[in-house]
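Structural features, examined
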Amino acid sequence: MGCDDQQNAAKSSLRIQDIAVLMQDHCRMLDPAKVERIINEFVQGGPERMQLVSDFDYTITKQRTEDGSVVPSSFGIFNACQSLPESFKTESDKLYHKYRPIEIDPHMPIPEKVQYMVEWWTKSGALTTGFPFDQSEIDQIASKYKNALRDRTHEFFADLQRLGIPTLVFSAGLGNSVVSLLRQANVMHPNVKVVSNFLQFRNGLLDGFQQPMIHTFNKNETVLDGSEYYNLVHTRDHIIVMGDSLGDADMASGVPASSHIIKIGFLFDHVEANMDKYMKTFDIVLVDDQTMDVPRALLALIEKQHQLKQQSTAQSSR
Ligand SMILES: C[n+]1cn([C@@H]2O[C@H](COP(=O)(O)OP(=O)(O)O)[C@@H](O)[C@H]2O)c2nc(N)[nH]c(=O)c21
Ligand SMILES: [Mg+2]
């Protein structure tokens, strides 16, 4: 490509109908023109303005595996550890059955739910106290699920690392399981930060979770305020958000209002019943897509333009 061609390519904008992955039947968008506009902004802004924020359970892990086996959640991995006292398991189940219906109650206002969630995480932390525990137990169970990450997760995290895009994995679950799985899958690169609830130890015994508590309704960038990660990303105003639950769409709250955000929602359960809400909440809804192909395609467009710009700068400075 000559210099002029390269400069023209660098300026021309992309049309959504030319982005093949977004034209697949299972890829739905309420407002394709908005997605097209933001993709063009991402592409023009380049990798240095990008950040990625992703949920963990059933967003990085698969919602459906080929052999039909169920992937446990991060708390589920911990609960499967053999050394946990029997009383822990029964009490923890009781809490789940009490609080989970509140968490997903469509009628209760969020401020009221927040109190209950704080109560749940606090009681769960109190239960996770006073007995010995070894991280290797989590590692052993997590190792069984390192292949249960979405197809092309490895490539996706390699893309993010190569482009230097800060990547936040947010989980209101258990951070020890999240990090263990990401490490064993070889995707825990230096640009990846996990914000979650981590086990705390005192005198060799478990002592609940470390602060700050991350629960369903504060799982967003406001909990990062003033932190090292916040300082790293607060000027990165081009954001990809990925999640499988409706609440995940708010994970970037707390970033400047002028930011441009593309929210990708992975929908698998009760597709028809959930479709309307997902379409209103996420910019791109992927129905039973167990891959990272769509977010990877966005990164590929950003990278291609970035390379063109670099080549044309190199040529014009000759
Ligand atoms: C305190 N607590 C919370 N949860 C659930 O863990 C989930 C973690 O939240 P999340 O990180 O948003 O994960 P998601 O991808 O599954 O949405 C919450 O939505 C709760 O339903 C919990 N689940 C179990 N098994 N045990 C617990 O103690 C516990
Ligand atoms: Mg999830």
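Residues numbered from 1 in each chain as written. Chains lettered and ligands numbered in written order. Predicted model: local features only at pLDDT ≥ 70, side-chain atom pairs only at ≥ 80, totals over all residues. Heavy atoms only, no water.

With an unreviewed UniProt entry as reference, the chain is termed 5'-nucleotidase, source organism Drosophila madeirensis. Quoted verbatim from the Sequence similarities (unreviewed entry) heading of the UniProt record, the comment on the chain is "Belongs to the pyrimidine 5'-nucleotidase family." In its Subcellular location (unreviewed entry) section, the UniProt entry covering the chain states "Cytoplasm". (UniProt positions renumbered as here; feature names shortened; annotations may be inferred.)

So, about the coordination of the magnesium ion (ligand 2). Protein coordination at the magnesium ion (ligand 2): the donors are Asp-55 (OD), Asp-57 (O) and Asp-244 (OD), at 2.0 to 2.1 Å from the metal. Each donor residue of the magnesium ion (ligand 2) belongs to the same chain, with the gaps between them written as D-x1-D-x186-D. This pair shows no difference in class: Asp-55 is buried, exactly as Asp-57 is. (Donors = N, O, S within 2.8 Å, 3.2 Å for Na, K, Ca; no water. Buried < 20%, exposed > 50% of the residue type's maximum accessible area, 1.4 Å probe, protein only.)

Around ligand 1 there are 16 residues in total, and Asp-57, Glu-103, Ser-124, Ala-172 and Lys-219 lie nearest to it. Here a nitrogen atom of ligand 1 sits 3.5 Å away from a polar atom, N or O, in the side chain of Asn-79. A total of 600 Å² of accessible area belongs to ligand 1 in isolation, and the protein chains cover 89% of it. Grouping the constituent residues of the shell around ligand 1 by class yields 5 nonpolar, 5 polar and 6 charged. (Near = heavy atom within 4 Å. Polar contact = N/O pair within 3.5 Å; in protein donor to acceptor, adjacent residues only side chain to side chain. Areas by Shrake-Rupley, 256 points an atom, 1.4 Å probe, with all protein chains shown as cover. Nonpolar A, V, L, I, M, F, W, Y, C, P; charged D, E, K, R; others polar.)

This part takes up unusual backbone geometry. Pro-212 follows Gln-211 through a cis peptide bond whose omega is -5°. Tracing the backbone shows Pro-212 in the loop between strand S6 (205-209) and helix H9 (228-233). A positive phi is found at Arg-152, a non-glycine position, where the angle reads about 70°. Tracing the sequence through the fold places Arg-152 in the loop between helix H6 (135-143) and helix H7 (153-162). When its relative accessible area of 34% is taken as the criterion, Arg-152 is described as partly exposed. (Helix = DSSP H or I, 4+ residues; strand = E, 2+ residues; numbered from the N terminus.)

Let us now look at the packing of aromatic side chains. One pass over the full model with this rule turns up 9 aromatic pairs. A centroid spacing of 5.1 Å and a plane angle of 65° characterise the contact between Trp-120 and Trp-121, whose relative ring orientation is edge-to-face. When sorted by exposure, Trp-120 lands in the same class as Trp-121, which is buried. Between Phe-156 and Phe-157, the ring centres sit 5.9 Å apart and the planes meet at 80°, which makes this aromatic pair edge-to-face. You'll find Phe-156 and Phe-157 in the same group, each marked buried. Grouped by ring-pair contacts, the aromatic residues Phe-78, Phe-88, Phe-131 and Phe-133 constitute a single cluster. If you follow Arg-150 out to its NZ or CZ, it ends over the ring of Phe-266, 3.7 Å from the centre. (Phe/Tyr/Trp six-rings, centres within 6.5 Å; stacked < 30°, edge-to-face > 60°. Lys NZ or Arg CZ within 6 Å of the ring centre and 35° of its normal.)

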